[in-house]
Every structure is written in structure tokens, then in C-alpha cells.
Amino acid sequence: GNLLVLEDGRVGFIDFGIVGRVSEKTFKAVNELSGALALGDYKGMAQALTNMGAADEEVDIDAFATDIEKVMMNLGSMQT
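From a predicted model like this one, the values you see are computed outputs, not experimental measurements.

Reading the values: rules and limits
- Residues numbered from 1 in each chain as written.
- Predicted model: local features only at pLDDT ≥ 70, side-chain atom pairs only at ≥ 80, totals over all residues.
- Heavy atoms only, no water.
- Salt bridge = Lys/Arg side-chain N within 4 Å of Asp/Glu carboxyl O.
- Buried < 20%, exposed > 50% of the residue type's maximum accessible area, 1.4 Å probe, protein only.
- Helix = DSSP H or I, 4+ residues; strand = E, 2+ residues; numbered from the N terminus.
- pLDDT = per-residue confidence, 0-100.
- Axes fitted to C-alpha atoms, helices over the stretch in contact; angles between N-to-C directions.
- Parallel < 35°, antiparallel > 145°, perpendicular 65-115°, else oblique.
- Left-handed = near helix turned anticlockwise from the far one by under 90°.
- Contact = heavy atoms within 4.5 Å.
- Core = buried A, V, L, I, M, F, W, Y, C linked by side-chain atoms within 4.5 Å.

Asker: I tried to follow the pattern of salt bridges on my own but got confused; where do I start?
Answerer: Where side chains of opposite charge bring their charged atoms close, a pairing between them can arise. What the rule picks out here adds up to two salt bridges. Between Arg 10 and Asp 8 there is a salt bridge, with its nearest N and O atoms 2.7 Å apart. In this pair, the class of Arg 10 matches that of Asp 8, namely exposed. Lys 43 serves as the salt-bridge partner of Asp 62, at 3.3 Å between the closest nitrogen and oxygen. Pair noted here: Asp 62 is in helix H3 (residues 61–78) and Lys 43 is in helix H2 (residues 42–52), with a separation of 19 residues, a long-range link.

Structure (C-alpha cells):
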């Protein structure tokens, strides 16, 4: 919830109130997610979120990617 996608495609980071340490695994997954977002790579987004620990169970990456794409398309249509 502390990221904004700006109209020109840049990502804005907000609310750095509590600072802590990020594990190497999480840092790498955030980088993967950022790259996937920039490319519109939904499967990459799904894999990165899974690598971050967004799910407690085994995840169907392709189905997760499809769900992410639907959400992103809905968000895009709300911004017009």
C-alpha cells in the first residue's frame, strides 16, 4: 500500500515512517516485482510476489498472473 503508479509510469514511494531491515530474498523479490511492473510482465509479477511470501501455500503462477492482469486492467480503466 505504500506505492503509487504515476500517470507517466513512474512509481512513487510514500510513507517511510518505520524503517527496518529487508532480507536479501525480499530485496531481490522487490527488484523483480519492479522490473515486472515496468514491463507489464504479469507472470513475473506473480513469481516475484510469491518469492516475497505473498502466499502460504503452493501457488499456480499462471493463474495468479491472470488474476493480477485482471486487477491491473481494472485499475487502468478506473484511472480514465
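On we go from here.
Asker: It is not clear to me how the confidence of the model for the chain should be interpreted in this structure. Could you clarify?
Answerer: As a note on interpretation, predicted positions should not be read in detail where pLDDT is low. Per-residue pLDDT for the chain has a mean of 86; in total, 92% of the residues score no lower than 70. Across the chain, the element-wise mean pLDDT spans from 80 in strand E2 (residues 11–13) up to 94 in H2.

Asker: Any chance you could explain the packing of H2 against H3 here in plain terms?
Answerer: The packing of two helices is summarised by the inter-axis angle and the distance between the axes. Contact geometry of H2 with H3 gives a least axis separation of 8 Å together with a crossing angle of 110 degrees. Here H3 runs roughly perpendicular to H2, going by the angle between their axes. Both H2 and H3 take part in a crossing whose hand is right-handed. Contact with H2, carried on its side by Tyr 42, Lys 43, Met 45, Ala 46, Gln 47, Leu 49 and Thr 50, involves Ile 61, Asp 62, Phe 64, Ala 65, Ile 68, Glu 69, Met 72 and Met 73 of H3 and no other residues of that element.

Asker: Quick question: what am I supposed to make of the environment of Asn 31 here?
Answerer: On the secondary structure map, Asn 31 appears in helix H1 (residues 24–39). The exposure class of Asn 31 is partly exposed, given its relative accessible area of 45%. Along the primary structure Asn 31 and Leu 4 are separated by 27 residues, whereas in three dimensions their C-alpha atoms are 16 Å apart.

Asker: Looking at this model, I keep getting lost on the nonpolar core. Mind explaining?
Answerer: Nonpolar side chains tend toward joint burial in soluble globular proteins. Among the nonpolar cores identified, the biggest contains nine residues, and these are Leu 33, Ala 36, Tyr 42, Met 45, Ala 46, Ala 48, Ile 61, Ala 65 and Ile 68. Broken down by element, the residue count for this core peaks at four residues, all from H2.

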